[in-house]
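Per-entry structural report
Chain by chain, the residues:
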Protein chains: 4
Amino acid sequence: MSNTFGRILRLTTFGESHGPALGGVLDGMPAGLPIRPEELQAFVNRRSAGSTGGSTQRREPDQVEVLSGIYEGVTLGTPIGFIVRNTQARSGDYEAMRDIYRPSHADYTYQAKYGLRDHRGGGRASARETVSRMVGGGLAMQLLQHMGVTITAFTSQIGSARLTEPYNKLNLSNIDNNSVRCPHPEVAAQMVAAIEQARSEGDTLGGAVTCVVQGVPTGVGEPVFGKLNATLGAAMMSINAAKAFEVGSGCDFAAMKGSEALDLFEPCPDGAIGTATNHSGGVQGGISNGEDIYFKVTFKPVATLMRDLPVADRQGHPSVLHPCGRHDVCVVPRAVPIVEAMAALTLADTMLLQRAGRL
Amino acid sequence: MSNTFGRILRLTTFGESHGPALGGVLDGMPAGLPIRPEELQAFVNRRSAGSTGGSTQRREPDQVEVLSGIYEGVTLGTPIGFIVRNTQARSGDYEAMRDIYRPSHADYTYQAKYGLRDHRGGGRASARETVSRMVGGGLAMQLLQHMGVTITAFTSQIGSARLTEPYNKLNLSNIDNNSVRCPHPEVAAQMVAAIEQARSEGDTLGGAVTCVVQGVPTGVGEPVFGKLNATLGAAMMSINAAKAFEVGSGCDFAAMKGSEALDLFEPCPDGAIGTATNHSGGVQGGISNGEDIYFKVTFKPVATLMRDLPVADRQGHPSVLHPCGRHDVCVVPRAVPIVEAMAALTLADTMLLQRAGRL
Amino acid sequence: MSNTFGRILRLTTFGESHGPALGGVLDGMPAGLPIRPEELQAFVNRRSAGSTGGSTQRREPDQVEVLSGIYEGVTLGTPIGFIVRNTQARSGDYEAMRDIYRPSHADYTYQAKYGLRDHRGGGRASARETVSRMVGGGLAMQLLQHMGVTITAFTSQIGSARLTEPYNKLNLSNIDNNSVRCPHPEVAAQMVAAIEQARSEGDTLGGAVTCVVQGVPTGVGEPVFGKLNATLGAAMMSINAAKAFEVGSGCDFAAMKGSEALDLFEPCPDGAIGTATNHSGGVQGGISNGEDIYFKVTFKPVATLMRDLPVADRQGHPSVLHPCGRHDVCVVPRAVPIVEAMAALTLADTMLLQRAGRL
Amino acid sequence: MSNTFGRILRLTTFGESHGPALGGVLDGMPAGLPIRPEELQAFVNRRSAGSTGGSTQRREPDQVEVLSGIYEGVTLGTPIGFIVRNTQARSGDYEAMRDIYRPSHADYTYQAKYGLRDHRGGGRASARETVSRMVGGGLAMQLLQHMGVTITAFTSQIGSARLTEPYNKLNLSNIDNNSVRCPHPEVAAQMVAAIEQARSEGDTLGGAVTCVVQGVPTGVGEPVFGKLNATLGAAMMSINAAKAFEVGSGCDFAAMKGSEALDLFEPCPDGAIGTATNHSGGVQGGISNGEDIYFKVTFKPVATLMRDLPVADRQGHPSVLHPCGRHDVCVVPRAVPIVEAMAALTLADTMLLQRAGRL
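Computed from a predicted model, the values in this text were never measured in an experiment.

**Points about the overall build of chain A**
Of regular secondary structure, chain A possesses seven helices and 19 strands. Across chain A, the fraction of contacts at a sequence separation of at least 24, relative to all contacts at a separation of at least 6, is 70%. Total accessible area on chain A is roughly 10,800 Å²; 52% of this is exposed by carbon and sulfur atoms. Taking the average place of the 32 positive charges on the side chains of chain A and the average place of its 34 negative ones, the gap between the two points comes to 5 Å.

**As for the interface of chain D and chain C**
Opposite the 97 residues of chain D that make contact, chain C presents 97 residues. Between chain D and chain C lies a buried interface of about 7,500 Å² when both sides are counted; carbon and sulfur atoms form 65% of it. Here chain D is connected to chain C by four salt bridges. As a salt-bridge pair, Glu222(D) and Lys113(C) come within 3.0 Å of each other at their nearest N and O atoms. The interface formed by chain D and chain C contains 39 residue pairs in polar contact (both at pLDDT 80 or more). The residue inventory of the side of chain D that touches chain C, partitioned by class, reads 47 nonpolar, 31 polar and 19 charged. Bridge analysis of strand β12 (residues 242-247) of chain C against strand β12 (residues 242-247) of chain D gives three bridges, and the strand direction is antiparallel. Residue pairing in the sheet places Phe245(C) in a bridge with Phe245(D) of β12(D).

**Some details on the relation of the copies chain C and chain A**
The relation between the two chain copies is a rotation about an axis coupled with a shift along that axis. In screw terms, the move from chain C to chain A is a rotation of 180° and a rise of 0.0 Å along the axis, fitting with an RMSD of 0.0 Å. On this basis, the relationship between the two copies can be described by a two-fold rotation axis. Across chain C, the smallest distance between a C-alpha and the rotation axis is recorded for Ala356(C), namely 2.5 Å. Interface residue correspondence from chain C to chain A reaches 100%, placing this contact among same-surface, isologous pairings.

**Points about the sheet that holds strand β1 (residues 4-5) of chain C**
All names here are of chain C. Spatially, β1-β2-β3-β7-β4 is the arrangement adopted by the five strands of the open sheet, whose pairing is antiparallel. On the outer flanks of this sheet lie β1 and β4 (64-66), each paired with one strand and no other. Note that strand β2 (residues 10-14) and strand β3 (residues 21-27) share five bridges and pair antiparallel. Bridge pairing links Arg 10 to Asp 27 in β3.

**Observations regarding the packing of helix α3 (residues 130-147) of chain C against helix α7 (residues 332-355) of chain C**
All names here are of chain C. Axis separation between α3 and α7 bottoms out at 7 Å; the angle between their running directions is 50°. If you check the angle between α3 and α7, you find them oblique. Both α3 and α7 take part in a crossing whose hand is left-handed. In this structure, α3 contributes Thr 130, Arg 133, Met 134, Gly 136, Gly 137, Ala 140, Met 141, Leu 143, Leu 144 and Met 147 to the contact, and α7 contributes Pro 337, Ile 338, Glu 340, Ala 341, Met 342, Ala 344, Leu 345, Leu 347, Ala 348, Met 351, Leu 352 and Arg 355. By residue class, the composition of the contact of α3 with α7 is 16 nonpolar, three polar and three charged.

**Focus: unusual backbone geometry**
A positive phi angle is found at Arg181(B), which is not glycine, with a value near 60°. Here Arg181(B) falls in the buried class, since its relative accessible area comes to 5%.

**Digging into the sheet that holds strand β9 (residues 150-158) of chain A**
Pairing is antiparallel across the open sheet formed by 10 strands, whose spatial order is β10(A)-β9(A)-β11(A)-β17(A)-β12(A)-β12(B)-β17(B)-β11(B)-β9(B)-β10(B). Of all strands in the sheet, those with a lone pairing partner are β10 (161-162) of chain A together with β10 (161-162) of chain B, marking the two edges. In this structure, strand β12 (residues 242-247) of chain A lies alongside strand β17 (residues 293-299) of chain A, joined through five bridges in antiparallel fashion. Bridge pairing links Ala242(A) to Phe299(A) in β17(A). Packing of helix α4 (residues 185-200) of chain B onto the sheet brings it into contact with β9 (150-158) and β10 of chain B, and relative to β9(B) it is tilted by some 55°. Across the sheet, helix α7 (residues 332-355) of chain B is in contact with β9, β11 (207-214) and β17 (293-299) of chain B; its angle to β9(B) comes to roughly 145°.

**Points about the side chain of Thr204(B)**
As for its position among the elements, Thr204(B) is in the loop between α4 and β11. When its relative accessible area of 1% is taken as the criterion, Thr204(B) is described as buried. Among the polar contacts listed, one links the side chain of Thr204(B) to the backbone oxygen of Val302(B), at a separation of 2.7 Å. Residues contacting Thr204(B), with those up to four places away along its chain left out, are Met256(A), Lys257(A), Gly258(A), Ala198(B), Pro301(B), Val302(B), Thr304(B), Leu305(B), Asp328(B) and Val329(B).

**A look at the packing of aromatic side chains**
Overall, the coordinates contain 28 aromatic pairs over all chains when judged by the stated rule. With a centroid separation of 5.2 Å and 55° between ring planes, the pair formed by Tyr101(B) and Tyr108(B) is classed as tilted. There is no split in this pair, since Tyr101(B) and Tyr108(B) are both buried. With centroids separated by 5.6 Å and ring planes inclined at 45°, the aromatic side chains of Phe245(D) and Phe295(D) adopt a geometry described as tilted. Separated by 50 residues along the polypeptide, Phe245(D) in strand β12 and Phe295(D) in strand β17 (residues 293-299) bring together distant segments of the chain. The class for Phe245(D) is buried, based on a relative accessible area of 0%. Of the aromatic side chains, those joined through ring pairs into one cluster are Tyr101(A), Tyr108(A) and Phe265(B). Of note, Lys113(A) hangs over the ring of Tyr114(A), and the distance from its end group to the ring centre comes to 5.5 Å.

**Topic: the interface of chain C and chain A**
Listed by partner, the interface residues are 14 residues for chain C and 14 residues for chain A. Approximately 1,200 Å² of surface area, both sides summed, lies buried where chain C meets chain A, with 67% of it carried by carbon and sulfur atoms. Considering only the side of chain C, the residues that lose the most area to chain A are Arg355(C), Ala356(C) and Leu359(C), jointly responsible for 51% of the buried surface there. At the boundary of chain C with chain A, the tally comes to four residue pairs in polar contact (both at pLDDT 80 or more). Counting only elements with at least two residues in the side of chain C that touches chain A, the list comes to α3 and α7 of chain C. Looking at the side of chain C that touches chain A element by element, the count peaks at three residues for α7(C). Of the residues contributing to the side of chain C that touches chain A, the split by class is nine nonpolar, three polar and two charged.

**Quick word on the relation of the copies chain D and chain C**
Overlay of chain D on chain C (RMSD 0.0 Å): rotation 180°, translation along the axis 0.0 Å. With an isologous cut-off of 70% or more, the 100% of interface residues of chain D that recur at the interface of chain C puts this contact in the isologous class.

**Considerations on the pattern of salt bridges**
Pairs may arise between side chains of opposite charge once their charged atoms sit close together. All names here are of chain C. One pass over the structure, following the stated rule, counts 76 salt bridges over all chains. For Glu 340, the salt bridge goes to Arg 46, with nearest N and O atoms at 3.1 Å. Highlighted residues: Glu 340 in helix α7 and Arg 46 in the loop between α1 (37-45) and β4, separated in sequence by 294 residues. Residue Arg 46 is classed as buried on the basis of its relative accessible area of 18%.

**Points about the state of the cysteines**
Counting across every chain of the model gives zero disulfides over all chains. Cys211(A) forms no disulfide, and the closest cysteine sulfur to it belongs to Cys182(A), at a distance of 15 Å. Judged by its relative accessible area of 0%, Cys211(A) is buried. With no disulfide of its own, Cys182(B) lies closest to Cys330(B) among cysteine sulfurs, the gap being 12 Å.

**Some points on the pairing of strand β19 (residues 318-321) of chain A**
Residue and element names in this part refer to chain A. Direction of pairing for strand β18 (residues 309-313) relative to β19: antiparallel, over a ladder of four bridges. In the sheet register, Val 311 faces β19, and the bridge partner there is Ser 319. Between β18 and β19, which pair antiparallel one after the other, the connecting turn spans four residues, and Gly 316 there sits at a positive phi close to 90°.

**Describing helix α7 (residues 332-355) of chain D**
The end-to-end C-alpha distance of α7(D) is 35 Å, a good match for the 34 Å that 24 residues give at a rise of 1.5 Å each. Counting buried positions along α7(D) yields 23 of 24 residues, so the element is predominantly enclosed.

Analysis parameters
Residue numbering note: each chain is counted from 1, following its sequence as written. Throughout, the order in which chains and ligands are written sets their labels, letters from A for the former and numbers from 1 for the latter. For a predicted model such as this one, the threshold for reporting local features is a pLDDT of at least 70, and the threshold for listing and counting side-chain atom pairs is 80 or more; totals across whole chains, interfaces and linings nevertheless cover every residue. Processing note: side-chain calculations cover all non-hydrogen atoms of the structure and skip hydrogens and water entirely. In this text, helices come from DSSP runs of H or I with a minimum length of four residues, and strands from runs of E with a minimum of two, each type numbered from the N-terminal end. The criterion used for residue contact is that any of the two residues' heavy atoms lie within 4.5 Å. Working definition of accessibility: Shrake-Rupley area with a 1.4 Å probe, residue cover restricted to the visible protein chains. In this charge count, Lys and Arg are treated as positive and Asp and Glu as negative; neither His nor the chain ends contribute. The atoms used to mark charge sites are NZ of Lys, CZ of Arg, CG of Asp and CD of Glu. Defined here as a combined quantity, buried area equals the accessible surface (1.4 Å probe) lost by two parts on assembly, summed across both. We define a salt bridge as a contact between a side-chain nitrogen of Lys or Arg and a carboxyl oxygen of Asp or Glu at a distance within 4 Å. Polar contacts here mean pairs of N or O atoms no more than 3.5 Å apart (in protein, one a potential hydrogen donor and the other a potential acceptor; neighbouring residues in sequence count only if both atoms are side-chain atoms). Ten residues, namely Ala, Val, Leu, Ile, Met, Phe, Trp, Tyr, Cys and Pro, are considered nonpolar, four, namely Asp, Glu, Lys and Arg, are considered charged, and the remaining ones, Gly among them, are considered polar. Here, any two strands with at least 2 DSSP bridges between them count as paired. The copies were overlaid by least squares, fitting only the C-alpha atoms of residues that reach a pLDDT of 70 or more in each copy. Only the stretch in contact is used when a helix axis is fitted, and all axes are lines through C-alpha atoms; the angle between N-to-C directions ranges over 0 to 180 degrees. Each angle is binned into one of four classes, with values under 35 degrees roughly parallel, values over 145 roughly antiparallel, values of 65 to 115 roughly perpendicular, and all other values oblique. Should the near helix be turned anticlockwise from the far one by less than a right angle, the crossing is termed left-handed; should it be turned clockwise, right-handed. Partly exposed residues are those whose accessible area sits between 20% and 50% of the maximum for their type, while under 20% is buried and over 50% is exposed, using a 1.4 Å probe and protein chains only. Any two rings among Phe, Tyr and Trp, with Trp reduced to its six-membered ring, count as a pair given centres within 6.5 Å; such a pair is stacked if its planes are under 30 degrees apart, edge-to-face if over 60, and tilted if neither. To sit over a ring, a charge needs its Lys NZ or Arg CZ within 6 Å of the ring centre and within 35 degrees of the ring normal. Note on terminology: pairs of cysteine sulfur atoms within 2.5 Å are recorded as disulfides. Helices are assigned an expected span. That span is 1.5 Å times one less than the residue count.

Structure (structure tokens):
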């Protein structure tokens, strides 16, 4: 059941990195939504290698083929099945990996869990799996646009280069002006330099993505186990290499006093109730309060270095893997649209679920 | 559906802070497990006010009454229903809150979502809700003990007082030697002092809890959306006031190079495969690798200060709430067993689900 | 997970026949619905022994105690927890059953599945379990009334006494005018006589319940696996002793020609589209067509006879159980409100789910 | 969520009758199971038009393309994605149906539910949807074979031609010896004649399928809402045109006395406990008792006659549809493998879930 995400809007995915295709089924899309296929394809393309700095040169087209659920340009309310063919899979590259475990990869844990694995390029554990999330998320994004919700993510840290301004002091229209998807030109330049430095050393870098969700009405989200904090957290922590999730002031709350952390109410010009600050990140008790929802996701560095890598064979004996294949120095810029996709799936699902709770 | 947690071992909870009772149903416990009721009650008592420093003086017994699923001291495999009566609820204290919204509480968001609310003590949004998690988690803990898994949480930060050593350099048997549940005596003393200082100022403090899970076999966890990172993340972020979740090196990964972050394999004395370091926190690709699983949860400061508090009325007009009632200065020590309970529910559920995947 | 029913409106139940209490949690009720507690209690009482002919004389009050989710007479949108205490449980009656398996009961299968069981009165397998369904169903019924939907069930067969008229030729206001809940006075008299005859022989009788759901708007239900046929079927076949489920013309369809079975359209006076006949039972492709939804559920005879009963001991050796305790001759009249309760839960859930599918 | 079936072994399907492809994802298959693709394709072919008497002449190859989850001939434990292209879709045939509703079809109900529909050949409501169930069910069947479980279905009634012997008096190896999949040669001949008669009249026929599941160990199934009766019932009632479901003696129970219906225990030669009769159909309290599990599913006649058909247009005004396209006279023989497929999915899922319940 762990290949399905969502309660009302449910994405089920399948596919190994080097099998014939990846794909999925998005069930629960309301009927009657016009779908713009070029916009969907463009969204999926943002994840592609080569679309950012720090990424490999491999360019796989990731052509989305929709097989059902959309007729004459409009959703039918039936499940949307789709596939993305693997066109450039060169399995031969990976024959050396059949009997070894790379450190900080999922080779060993998949083998332990399943007793066998598709060793080619990580198989199901490959970050290539996220292409199905991009398709589902891209469709969810079009639903959210219809609902007046926008989702914007950007790179907020790569190695020691990090943004210090809050998101609302940045010009987010700059995000796509550079190869690292950072809205601050100077910090973006530092990130590019850090990536080049790491590349020259055969090393890799971690980083973080910040995401802002705007336009969610007050009162969206569920109590107790279904809090927005929790569903967004699960969504983000399910992305490959994600190791931390923070909502609002996040980890900074630990060192704060209550008197510093309170978001005091203030009347809005339109008569609604707003808050003067937004430490909470737009969520109180798991439910949206009408302010921007924002959060940060931290990613560990890519585990494949372009150096000789100490690995283990099936008996646990040490061995060495020589660098080969195509690998990103830093995946964080490519993770930006994946964070958006997972946020879109989470919010669209939550907003549809909301409707089922009305008398 | 958001009042149910888990896939195989499923806890469904109910109850408002000032209603007749809280309670829940734990479905999916295997049959034949002897249950030690005193141990369960003792675990639940760890959450109680007065059990730690920083907490209110209110002492509610939180007496667990098991209604089904256990017969002659052993689980039947049928759902375990339980209730905890609210014995000290003094609703009158809360009459003033009927028409106001406290800042950084869920009053406003519940009202917006549901159109009405039980205003007494936060209703369903009260942290008192977690008593049902303690019962479910305490039962899951007894199952995990049977499976050889232990879970240990402790306070790692309160305000500016924080542990700097990793958990494996600490003597975890010291956790209950002080009122803040911190295993390091000096840091514990700093935490106690910080709480007293905040109390004297009518202020509150945030903090963090670290949790270590030991004994989980290699290969436990699910791929893609069901990664251990994601299910643990959802579990922790569903706890009241939780605002950040980090696995392994967590946020520190953002500034790390790949060459610093790799957990290289090394043979274990027993022939198994281990790793020399454990930045990953025991999880690769969402699946356990046999190392300790550890993570950190950050909590925001208590939102009710013992000062005059600026609040909003239903029209958004400013008003003032005078301090009254009983409120914790810092909930982090009380959150320690709640983190354990949610970790126990998550791990027990995952380990049972694992069995369903074997040929 | 099999102790939870529903997708949006979810009933989770617990309780053994002779434990301290049965109960459950109804999650997903929309906020703001006024609840009439006396009506709920009266609905639950319809299931009680002694409420009908054919039933035992045991009178257990089945007092419903609501513990959460309703405040000041109105639903909060939070889970409704409830319990029903077992007040007349005389476990001593059942000591003889600890080591034997009664034929056509679940003693043997529970023992095989779980390795142990609560042998007292059937434990979790007792029909007493349905009291929790009555509470959940009674609440769902109040929601449906708000939505304009009514549910009416009646006894359509007991032994060889059976109704031959279709439901719409009967005066359904007669249902509660006799002890067998059959709306046709002559057939009801035959049923009463059949029960008395069986009672005098120490025997028992099977039968059937017919249920009519009126007021469901056109277009309610889900496609494919979630068809109304399927969800109603699962609901009904989950009731103790249910062995057959038929929608519309049901089993009679097997011998029909297409030209006899078609429900031709005809314009309704109000401009809507109706059908001249209703063989389909109000459902096409799993979705309501605005006609009455009707179905029939067949129940096997009570398996406990008031005769010496050949049983098996744990080794499979034959033994004899002497009649004791209190047992119904025919449960079908008591099953009438249980069918209503499960229909109410199914329809209310489906109608709430419907809302989540709108753009 | 209604396009997903199962709890542990979960089939999610997609596809419209005349879209590019149908397909699905089977999640939860244990790793390490060798898959025989020719056997899978042969199973899927059993559903095809032209494979039986009573069916249309349209021969669509229904070529299964597996896209993931199987590597080097063995399951990986990851989701199995698959598609079946629609190769012979002639949408032009259906243009006349864009604005009319056929009686006893789902045209009107889909339009009412979704506000729009793919009118070509029934779209998602077409029985062609079941091809995805055949793929999922065929894979489940291979898992069940590994577990020692066999599933055999056959036609037990078409129109007035019906089997009167119980399944265990029939030679089930005869099932595929005739075009109607009936194991009794004389009755099969009557069925063939009935179909030819109906065809000559431009009419259609209903019927029934009986299914026998053998080899399920004692103790499989869940209590309360997850009873085998209920999950099998939901599975069968979700098949297009299914209108009744009976377990064991089914509807006959209504007229039986308890003394006639009891399945008395008797020791088996192998020391296990068996029953002398099997009215219960192998299920007690929702859990298998080691006897054969058998049940019957009744299907209504095909709603498209080869006659001028009175239909309604969108305003409800009467219109006439001239016969066209390719339509079965009786789908029951083609439903035989679909019943097997759904039974296989249900049993495999239940047996995997069983494992999660062991200490």
